[in-house]
Protein chains: 2
Amino acid sequence: MVNETQQSCSASSSSRSDGGSSSGSESSKDNSRCSTPVLDADRHERLREKMRRRQEAGDKWFSLEFFPPRTANAAVNLISRFDRMGAGGPLFIDVTWHPAGDPGSDKETSSMIIANTAVNYCGLETILHMTCCNQTKDDITGHLQKAKRLGLKNIMALRGDPAGEEWEEEVDGFNHAVDLVKHIRSEFDDYFDICVAGYPKGHPEAESYEADLRHLKEKVFAGADFIITQLFFRPETFLKFMKDCQAAGITCPIIPGIFPIQGYHSLRQLVKLSKLEVPQEIKDVIEPIKDNDAAIRNYGVELAVSMCRELLDSGMVHGLHFYTLNREVATTEVLKRLGLWNEDPRRPLPWAVSAHPKRRVEDVRPIFWASRPKSYIYRTQEWDDFPNGRWGNSSSPAFGELKDYYLFYLKSKSPREELLKMWGEELTGEESVFEVFTCYITGEPNRNGHRVTCMPWNDDPLATETNLLKDHLEKVNRRGILTINSQPNINGKPSTDPIVGWGPSGGYVFQKAYLEFFASSEIVTALLKVLKKYELRVNYHIVNVKGQNITNAPDLQPNAVTWGIFPGREIIQPTVVDPVSFLYWKDEAFALWIEQWAKLYEEESPSRMIIQYIHDNYYLVNLVDNDFPLENCLWQVVDDTFELLN
Amino acid sequence: MVNETQQSCSASSSSRSDGGSSSGSESSKDNSRCSTPVLDADRHERLREKMRRRQEAGDKWFSLEFFPPRTANAAVNLISRFDRMGAGGPLFIDVTWHPAGDPGSDKETSSMIIANTAVNYCGLETILHMTCCNQTKDDITGHLQKAKRLGLKNIMALRGDPAGEEWEEEVDGFNHAVDLVKHIRSEFDDYFDICVAGYPKGHPEAESYEADLRHLKEKVFAGADFIITQLFFRPETFLKFMKDCQAAGITCPIIPGIFPIQGYHSLRQLVKLSKLEVPQEIKDVIEPIKDNDAAIRNYGVELAVSMCRELLDSGMVHGLHFYTLNREVATTEVLKRLGLWNEDPRRPLPWAVSAHPKRRVEDVRPIFWASRPKSYIYRTQEWDDFPNGRWGNSSSPAFGELKDYYLFYLKSKSPREELLKMWGEELTGEESVFEVFTCYITGEPNRNGHRVTCMPWNDDPLATETNLLKDHLEKVNRRGILTINSQPNINGKPSTDPIVGWGPSGGYVFQKAYLEFFASSEIVTALLKVLKKYELRVNYHIVNVKGQNITNAPDLQPNAVTWGIFPGREIIQPTVVDPVSFLYWKDEAFALWIEQWAKLYEEESPSRMIIQYIHDNYYLVNLVDNDFPLENCLWQVVDDTFELLN
């Protein structure tokens, strides 16, 4: 009997949903039993599965199209646009293939690298466009292999525009998008999700609308997973196309491409490229206001909103694809008015996740990179496995070196002149530095009337959560405890809390109070005396640029400082203070003084020497108050330190 | 610069204490990053390291010697003695080698199996004695290999008593304990900690006291780690011996063997065996009271306490080894009077750990076996790796079958007659069963005046923790919700809490409320209706003996129901409700109805048919209230169910 029922047990367990078990062990003898609880199904699903799940749940969604920028500066700006627009919750973004811009190269403006950045550093589900005409099979395969290596999982397969005016088909070459679809499926099996283009009015070069439908059907039957359409101006254009597709036996998702008119010239250019005709009723409105950008944009938003409403109301449309032209305002406005923009994005984890498939199970990180998640992702990009469940006491986390502080996705969004205005054209002493830190915390203008909206350790204004600590932080920064990271203690707030919540609803989140700062050796000496009183309660790590390291961490074990308890799940503990990683972070944190701040000034200048002095002589300190249910004692520790100094 | 300091980081991290990192990864590319935080150094240290650490910390300790029992019933009793005396906190126990009793065999009374049970099922650090004379090298190696395989880590290397009166040394054989020490070191390197015997008065067969000291020194130099002495009657005997050893260059720990006199005959027998002479002053006291066991024991306790005090006060003695003669009272009394008995043993984890080295990192178990930890250990003994950090969603935990419910360490301590008195000589219906469950909960005598101190699912009286729920439990059992496991919700009590605390001090422990019971299909039907109201709050698993399984657990993921937050540590979550393991536990839980209860009655008897009916028709249900910070809602769920039934 025992045998029989055990078999029924195995049967029932093998038929279970397999979400998130990719790292689960198949047998008890498997070494790694620490698979990640499925907190966020999105991290584990393919794009086509996400689409299906959203459709089944009746959730409407949107996606955003961008093109690669022309300059390195524009790339920096585009990445911050990804971050901002990513917060609205697109199901995916896509990056167009720019044949003239060396699209598969390692240049920071290439299609490949922009898509790579969106996936890995911005955590966005991303489709990379790829065109095939005028390219060899080997070129194409090389691009696809590279895309796969970088963690890209979705390709938009296009023909592309022929080089010359008179185009002839090449024998054995790629002449149509369908050839590319077939090639991807034959070389990469089911690895990629494939998207193809649909033309609601028929492709301009097609013999007929019907012939074009037949081509589309070929692409789908060759292995495409879904269709995104060319832009159109009237909802009925799309709805008719959709019905014709269905009648032709095309059953995959068809996503309408929406183009909010944003200006007269961009409209004209796009129409020219796509060989579409603008309907007379639109021309009639636009022509009279063609020099009034704001008016055109307002009209474009109105028009897009009303068209999208009609599409959604038809019941045939579940997602909308926006041609953003790399601009934010119009598209965001349309999405907000449609109620599709996610006003209160739920964080799946307290830090920004990466969408690289190999990082799917990652759910623990050291707290140190909280404000520099892209740097953390960069420095761990060579890892094959990522901590989940526990950080573990790995003796050698093998962080990559951060030699290049000017990688475009790690670079400050602010140019040198702006940084100088914020951080001081001329420093007169350590106190001028204290003042910069204090202004960053308070949000008040510095003595020259400029607000300090970023720091070398944090390219964004103060986090909402940190605002909870603002008064304390202001006080201590004024006196030379130069804080770069902190979190309040939290004793079981709902996971839906707008400020400190993360993860699915119905859970509870917890934190230990954390404070990280630079301070002079005088302060550190006093601090160490004070810490004796708090020996059992406060864990500390104190290190200078030379690596002299003072700590009371037991056996150099990591200390979990953020964790969450969810219904029907194992405990999630996404943030730890890891003593070993701290020594790697220390290198980066000290180097930022020089790379981001000191180098703004002339060599040998007094300002530069002040920063250099701090770099050479200050200590980096982190403190954890283990007694999370009690009032945070770290402010008392700091007060006691100042008192001892007086 | 970044390079340089990274190197200094690696240097500092490699010089760290290595406690508990045996499963830690050496590189980030290692698959398993989930090593266990060192909650309890004891689990990771060798016996000789524990001794050194205790000595350095100035902690006095004790150890206990037992001999293998003669009968299977005596083995059952000895194992419960291990559990009771283990609670007092011995540093180790040792099991003597009984050459006449087939000591290396698989019999439940063999030295090997008793030591195996102590290590694996009672979680005790254990030394197995082994004698070498009259045995071949192959025999000895076989015994040692088996000991290693079973998880034994310490050997007491002895010569043993020669078979005949006239003993001759064998060429190339084992003639002295030192030969066995050398053999262990040459064949097993440093795997075992080795103990040897010391004779404070010299070995009775030695040429002289000095010659015996030389033999002892040889044994130590051949690789012994510490010495336990033969019993003695005067503290000065040991202290002189200790000084002589030190003078002879023996520096390893020397532990005095203490023999509390427990009776006239046992003293005479031991003295005869050990060829020792009882001092006149002791004889003078004992002879007049030789027929008064209690008086002799009291005297023996007094004598032992005063001798131990003198030894400890000398500053030369850090641990005391007790020859228990398998009895509890006298030794426990001596230890309590010396203040060495651990009155409030701290639980390192909420469940009873095993001392097998391969289970060192184990820190997660399903809650189902909470009252049958030995069965859990038995059913997982073939696992090579044990869950730590997370249980993970392993699809096939591969539990061993539990074919033999009569394994002596899984057997009930109570004989059949006693069980019948507790559970009813004759059952008249399901209500008689409800009554047994209710009496077990309340502790009140049943209708025949017998207290129910154990149940098929729990061989011990109700846990203190369960007492917190007593009133509720009584109410529901009376009405046919037959509870077999439960825990209250706990929202952050200190880890030192005497009832629910575990782990090191300074931490906080948490629990989700849990309730597990058998119930009729009528009750289950109503329960399922009620549970709809609690869908987001309560996770349930409901299964019958045939394996029909109803659950709302997301993706069959485990639910952590006990966890602890400690200073400077990652989160520990030792207990989960694992949906897959539940189906294995179900087999065991249902089988216990038949194996432990139904089989007490004649086949075809009405009593047996009642139990068989319950086994065939009832459901096993578990409920978890995920909202641990709120008042436990499971009682409300049950009340609602009863209300619906009315």
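Quantities reported herein were computed from a predicted structural model and do not represent experimental measurements.

1. Quick look at the overall build of chain A
Counting its secondary structure elements, chain A contains 21 helices and 18 strands. Computed over its C-alpha atoms, the radius of gyration of chain A comes to 28 Å, within 12% of the 26 Å expected for a compact globule of 646 residues. Expressed as lengths along the three principal axes of its C-alpha atoms, the size of chain A is roughly 85 × 80 × 45 Å. Within the span of chain A, comprising 646 residues, buried residues form 61% of the whole.

2. Some words on the nonpolar core
With 176 residues, the main nonpolar core has A:W457, A:W593, A:W597, B:W457, B:W593 and B:W597 as its most contacted residues. Filtering out sequence-adjacent residues up to four positions away, B:W457 remains in contact with B:S371, B:R372, B:F437, B:I484, B:F518, B:W585, B:A589, B:L592, B:W593 and B:W597. With 71 residues, the next largest nonpolar core counts B:F62, B:M242, B:C252 and B:I258 among its residues.

3. Considerations on the pairing of strand β6 (residues 226-231) of chain B
All names here are of chain B. A large share of β6 lies buried, amounting to six of its six residues. Note that strand β5 (residues 193-198) and β6 share four bridges and pair parallel. Paired with A197 across the two strands is I228, which belongs to β6. Inspection of the sheet shows β6 paired to strand β7 (residues 254-258) by three bridges, in the parallel sense. Along β7, the bridge assignment pairs L231 with G257.

4. Details of the packing of helix α15 (residues 430-442) of chain B against helix α17 (residues 470-478) of chain B
Residues and elements named next belong to chain B. In the contact formed by α15 and α17, the axes pass within 8 Å of each other and the chain directions differ by 170°. Regarding the angle of α15 to α17, the classification is roughly antiparallel. Here F434, F437, T438, I441 and T442 of α15 lie close against α17, whose contacting residues are K470, L473, E474, N477 and R478. Across the contact of α15 with α17, the residue classes break down as four nonpolar, three polar and three charged.

5. Quick notes on the sheet that holds strand β17 (residues 572-577) of chain A
Residue and element names in this part refer to chain A. One open sheet accounts for five strands, arranged β9-β17-β16-β12-β11; its pairing is mixed. At either margin of the open sheet sits one strand with a lone partner, and together these are β9 (365-366) and β11 (490-494). Bridging between β11 and strand β12 (residues 508-511) involves four bridges; their strand directions are antiparallel. Bridging from a neighbouring strand, P494 pairs with Y508 of β12.

6. Describing the sheet that holds strand β14 (residues 538-544) of chain B
Residue and element names in this part refer to chain B. If you trace the five strands from one edge of the open sheet to the other, you get β10-β13-β18-β14-β15, paired in antiparallel fashion. The sheet terminates laterally at β10 (482-487) and β15 (549-551), the two strands that pair on one side only. The mean inter-strand angle of the sheet, taken between neighbouring strand axes irrespective of direction, is 10°. Of the pairings in the sheet, the one linking β10 to strand β13 (residues 513-519) comprises five bridges and is antiparallel in character. Residue N485 lies in a different strand from β13, and its bridge partner there is E516. Seen against the sheet, helix α21 (residues 634-645) touches β13, β14 and β18 (619-625) and runs at an angle of roughly 30° to β13.

7. Comments concerning unusual backbone geometry
Even without glycine at this site, A:N134 takes up a positive phi of about 65°. Among the secondary structure elements, A:N134 is positioned in the loop between β3 (126-131) and α5 (137-149). Look at B:L325: it is not a glycine, yet its phi comes out positive at around 55°. Mapped onto the secondary structure, B:L325 falls in the loop between β8 (319-323) and α12 (329-338).

8. Considerations on the pattern of salt bridges
Residue and element names in this part refer to chain A. Throughout the structure, instances matching the rule amount to 69 salt bridges over all chains. The residue R337 makes a salt bridge to E302 at a minimum N-O spacing of 3.1 Å. A residue pair is termed long-range when its members are at least 10 positions apart, and R337 in helix α12 (residues 329-338) and E302 in helix α11 (residues 293-313) qualify at 35 residues. One salt bridge connects K413 with D460, and the closest N-O pair in it is separated by 3.0 Å. Taken together, the positions of K413 in the loop between α13 (373-379) and α14 (416-423) and D460 in the loop between α15 (430-442) and α16 (464-467) put the pair 47 residues apart, joining distant regions of the chain. Through salt bridges with shared partners, one network takes in R46, R48, R185, D190, D193 and D225.

9. What about the pairing of strand β17 (residues 572-577) of chain B?
Residue and element names in this part refer to chain B. Of all six residues that make up β17, six are buried, and the element is covered over most of its length. As defined by bridge partners, strand β9 (residues 365-366) adjoins β17 across two bridges and the pair is classed as parallel. Bridge pairing in β17 places R365 opposite T575. Here strand β16 (residues 559-565) pairs with β17 via four bridges, running antiparallel. Following the sheet pairing, N559 is matched in β17 by V577. Here β16 hands over to β17 after six residues, with G568 in that stretch at a positive phi of 65°.

10. Re the domain arrangement of chain A
Residue and element names in this part refer to chain A. Parsing chain A into structural domains produces domain 1 (42-163 + 172-335) and domain 2 (369-645). Summed over both partners, the interface of domain 1 with domain 2 comes to about 960 Å²; 67% of that surface belongs to carbon and sulfur atoms. Contact with domain 2 buries surface across domain 1, with V76, E108 and Y121 losing the most and accounting together for 59% of the total. Scanning the region where domain 1 abuts domain 2 turns up one salt bridge. With a shortest N-O distance of 2.6 Å, K374 and D83 are connected by a salt bridge. Those elements that provide at least two residues to the side of domain 1 that touches domain 2 are α3 (72-86) and α4 (111-120).

11. Digging into helix α19 (residues 579-597) of chain B
The first and last C-alpha atoms of α19(B) sit 27 Å apart over 19 residues, in line with the 27 Å expected at 1.5 Å per residue. Taking burial as the measure, the 19 residues of α19(B) include 19 buried ones, the bulk of the element.

12. Thoughts on the packing of helix α7 (residues 209-221) of chain B against helix α8 (residues 235-247) of chain B
What describes two packed helices is the angle between their axes and the distance between those same axes. Residues and elements named next belong to chain B. One can describe the packing of α7 onto α8 by two numbers: an axis separation of 11 Å at closest approach and a directional angle of 60°. Taken together, the axes of α7 and α8 are oblique relative to one another. Two packed elements cross with a definite hand, and for α7 against α8 that hand is right-handed. Packed against α7, whose contacting residues are Y209, L213 and L216, the element α8 presents K240, F241, D244 and C245 at the interface. Classifying every residue of the contact of α7 with α8 gives five nonpolar, no polar and two charged.

13. Focus: the environment of B:A222
Residues and elements named next belong to chain B. Examined against the element boundaries, A222 turns out to sit in the loop between α7 and β6. A222 gets classed as buried once you look at its relative accessible area, which sits at 16%. When the C-alpha positions of A222 and D179 are compared, they lie 8.5 Å apart, and in sequence the two are 43 residues distant. Apart from residues lying up to four places away in sequence, A222 is in contact with V178, V181, K182 and R185.

14. Observations concerning the side chain of A:S414
Secondary-structure assignment places A:S414 in the loop between α13 and α14. Relative accessible area serves as the criterion here: at 14%, A:S414 is assigned to the buried category.

Conventions adopted
Residues numbered from 1 in each chain as written. Chains lettered and ligands numbered in written order. Predicted model: local features only at pLDDT ≥ 70, side-chain atom pairs only at ≥ 80, totals over all residues. Heavy atoms only, no water. Helix = DSSP H or I, 4+ residues; strand = E, 2+ residues; numbered from the N terminus. Rg over C-alpha atoms; globule rule 2.2 N^0.38 Å. Buried < 20%, exposed > 50% of the residue type's maximum accessible area, 1.4 Å probe, protein only. Core = buried A, V, L, I, M, F, W, Y, C linked by side-chain atoms within 4.5 Å. Contact = heavy atoms within 4.5 Å. Pairing = 2+ DSSP bridges. Axes fitted to C-alpha atoms, helices over the stretch in contact; angles between N-to-C directions. Parallel < 35°, antiparallel > 145°, perpendicular 65-115°, else oblique. Nonpolar A, V, L, I, M, F, W, Y, C, P; charged D, E, K, R; others polar. Salt bridge = Lys/Arg side-chain N within 4 Å of Asp/Glu carboxyl O. Domains from an automatic or database assignment. Buried area = accessible area lost by both parts, 1.4 Å probe. Expected span 1.5 Å × (residues − 1). Left-handed = near helix turned anticlockwise from the far one by under 90°.

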